[in-house]
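Okay, here's what each chain looks like letter by letter:
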Protein chains: 2
Amino acid sequence: MELYEKTITETIIHKGNFMTYINVDVELPDGKIGNRDIIKHPGACAIIPFIDNQTVILVKQFRKALEKNILEIPAGKLEKGEDPKLCAIRELEEETGYRAENVTFLGTIATAPGFCDELIHLYKATGLFQGEKSLDEDEFTEVKIFTIEEIKSMIKNGEIIDTKTISSLMYL
Amino acid sequence: MELYEKTITETIIHKGNFMTYINVDVELPDGKIGNRDIIKHPGACAIIPFIDNQTVILVKQFRKALEKNILEIPAGKLEKGEDPKLCAIRELEEETGYRAENVTFLGTIATAPGFCDELIHLYKATGLFQGEKSLDEDEFTEVKIFTIEEIKSMIKNGEIIDTKTISSLMYL
């Protein structure tokens, strides 16, 4: 059976600060009608910055959706038309104050395919040197340093829960 | 600096099929006012089912948000008040037709902490035996079998992009 779901009608429910809630009537594979709620997201990039072979930078950030501080690799939303690699380089410097000699692509992940089109493009940075930290005016972060082994332990014991951070390790 | 963002006002923008779009005015750490769009999600569970030490089951599913078929570990939303482990066991049988002798907790991931409160509780299933496949009426999947090595290659070459599937491997 072909799994495709054809759009019948698409309704914009709400345009928010950066994401749009839409509702779609679809023709299901068996010919019946289904209904899907979907969040349209501009996409994002994230970058795992290596200080040396075994040591990386994470940022601690309060996430209102979760009502808690969590540790993540530096990341941010794509600006309109922005090249993902340039976005990763920009976010690295804004959030950590570092620039990098080498930035390589790791892979692209879909964070919530059941209801959202967000793709995050993952990069690795090496050869770090001092740049200038310059957070958005509504952004507050703390830079933290960990070894890869510490991060793996923190994933297993539940101290790190951010899926882009966890996923990034699979590409190394 | 304390990174906390205190809620000033919270507005429900839209209640959808299963998620709710809210908008929150917050007091930022520097005392200024910020605004956050947030998707409230019921949470979900996912389960990586092992046929033997090296072989697992994935499901292929059309994801309307991405307009494509993707490969994922079996997963589904938590029903109201549902125990996550029972949710994982239920989704395993519904989506693959298998039951499991052993189901163990791996960890919990936050899929999109920048804008969504979704947590996915990850489990591992071993000792599979035949149950009964029974998809939701708007759900269509194909069961696929891969070795862990094949899955790691498919992650690196971009054939697998689902972040819960990628993340689940970090707990094994």
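Please read these numbers as outputs of a predicted model, since none were measured by experiment.

Parameters at a glance
- Residues numbered from 1 in each chain as written.
- Chains lettered and ligands numbered in written order.
- Predicted model: local features only at pLDDT ≥ 70, side-chain atom pairs only at ≥ 80, totals over all residues.
- Heavy atoms only, no water.
- Helix = DSSP H or I, 4+ residues; strand = E, 2+ residues; numbered from the N terminus.
- Buried < 20%, exposed > 50% of the residue type's maximum accessible area, 1.4 Å probe, protein only.
- Contact = heavy atoms within 4.5 Å.
- Patch = residues over 30% accessible without salt bridge, like charges linked within 9 Å, V, L, I, M, F, W, Y side chains within 5 Å.
- Areas by Shrake-Rupley, 256 points an atom, 1.4 Å probe, with all protein chains shown as cover.
- Salt bridge = Lys/Arg side-chain N within 4 Å of Asp/Glu carboxyl O.
- Lys, Arg positive; Asp, Glu negative; His and termini not counted.
- Charge placed at Lys NZ, Arg CZ, Asp CG, Glu CD.
- Pairing = 2+ DSSP bridges.
- Least-squares fit on C-alpha atoms with pLDDT ≥ 70 in both.
- Domains from an automatic or database assignment.
- Buried area = accessible area lost by both parts, 1.4 Å probe.
- Polar contact = N/O pair within 3.5 Å; in protein donor to acceptor, adjacent residues only side chain to side chain.
- Nonpolar A, V, L, I, M, F, W, Y, C, P; charged D, E, K, R; others polar.
- Axes fitted to C-alpha atoms, helices over the stretch in contact; angles between N-to-C directions.

(A) Inspection of the overall build of chain A at higher detail. Secondary structure summary: chain A contains 3 helices and 10 strands in total. The linear arrangement of helices and strands in chain A, starting from the amino end, is β-β-β-β-β-β-β-α-β-β-β-α-α. Along the first, second and third principal axes, the C-alpha atoms of chain A reach 55 × 35 × 30 Å. Here chain A holds 172 residues, and 53% of them are scored as buried. A sequence separation of at least 24 residues applies to 57% of the contacts in chain A between residues at least 6 apart.

(B) Spatial organisation of a negative patch on the surface. On the surface, a cluster of negative charge is made up of A:Glu27, A:Asp30, B:Asp136 and B:Glu137. Within the secondary structure, A:Glu27 sits in strand β2 (residues 20–27). Look at A:Glu27 and you get partly exposed, because its relative accessible area is 34%.

(C) Spotlight on the pattern of salt bridges. Summed over the entire model, instances satisfying the criterion amount to 29 salt bridges over all chains. The residue A:Arg36 makes a salt bridge to A:Glu5 at a minimum N-O spacing of 2.8 Å. Of this pair, A:Arg36 sits in strand β3 (residues 33–40) while A:Glu5 sits in the segment before β1 (6–15), placing them 31 residues apart in sequence. When its relative accessible area of 4% is taken as the criterion, A:Glu5 is described as buried. B:Lys64 is the salt-bridge partner of B:Glu67, the closest N and O atoms lying 2.6 Å from each other. Several salt bridges share partner residues, and in doing so they unite A:Glu79, A:Glu82, A:Arg90, A:Glu91 and A:Glu94 into one network.

(D) Spatial organisation of a nonpolar patch on the surface. A surface patch of nonpolar side chains, amounting to about 220 Å² of accessible area, comprises A:Ile51, A:Val143 and A:Ile145. Within the secondary structure, A:Ile145 sits in strand β10 (residues 141–147).

(E) Inspection of the pairing of strand β6 (residues 68–72) of chain A at higher detail. Looking at chain direction, strand β5 (residues 55–63) of chain A and β6(A) are connected through 5 bridges and run antiparallel. Within β6(A), the position partnered with A:Gln61 by the bridge is A:Ile70.

(F) Structural detail: the relation of the copies chain B and chain A. Mapping chain B onto chain A is achieved by rotating through 180° and translating by 0.0 Å along the same axis, at an RMSD of 0.0 Å. Those values place the two copies in the arrangement expected of a two-fold rotation axis. Counting the interface residues of chain B, we find that 99% of their copies in chain A are interface residues as well, pointing to one common contact surface.

(G) Just the domain arrangement of chain A, in detail. Residues and elements named next belong to chain A. Split into domains, chain A comes out as domain 1 (6–40) and domain 2 (44–170). A C-alpha centroid distance of 30 Å is found between domain 1 and domain 2. With both sides pooled, the region where domain 1 packs onto domain 2 buries about 390 Å², and carbon together with sulfur makes up 58% of that total. Summed over the three residues of domain 1 that lose the most area to domain 2, namely Phe-18, Ile-39 and Lys-40, the buried surface amounts to 78% of that side. At the junction of domain 1 and domain 2, the tally comes to 2 residue pairs in polar contact (both at pLDDT 80 or more). Here the residues of the side of domain 1 that touches domain 2 sort into 3 nonpolar, no polar and 2 charged.

(H) Inspection of the sheet that holds β1(A) at higher detail. All names here are of chain A. The 3 strands are arranged β1-β2-β3 in an open sheet whose pairing can be described as antiparallel. Only two strands of the sheet have a single partner each, and these edge strands are β1 and β3. Each neighbouring strand pair of the sheet contributes to a mean axis angle of 20°, computed without reference to strand direction. Here β1 pairs with β2 via 8 bridges, running antiparallel. Residue pairing for β2: Thr-9 is matched across the bridge by Asp-25.

(I) Structural detail: the interface of chain B and chain A. Taken residue by residue, the interface counts 67 residues in chain B and 66 residues in chain A. Carbon and sulfur atoms supply 65% of the area buried between chain B and chain A, which totals about 5700 Å² over both sides. Interface area lost by chain B to chain A is led by B:Leu3, B:Phe140 and B:Met170, which between them contribute 13%. At the junction of chain B with chain A, the criterion picks out 2 salt bridges. Top element by residues in the side of chain B that touches chain A is strand β3 (residues 33–40) of chain B. It accounts for 5 residues. Partitioned by chemical class, the residues of the side of chain B that touches chain A number 33 nonpolar, 15 polar and 19 charged.

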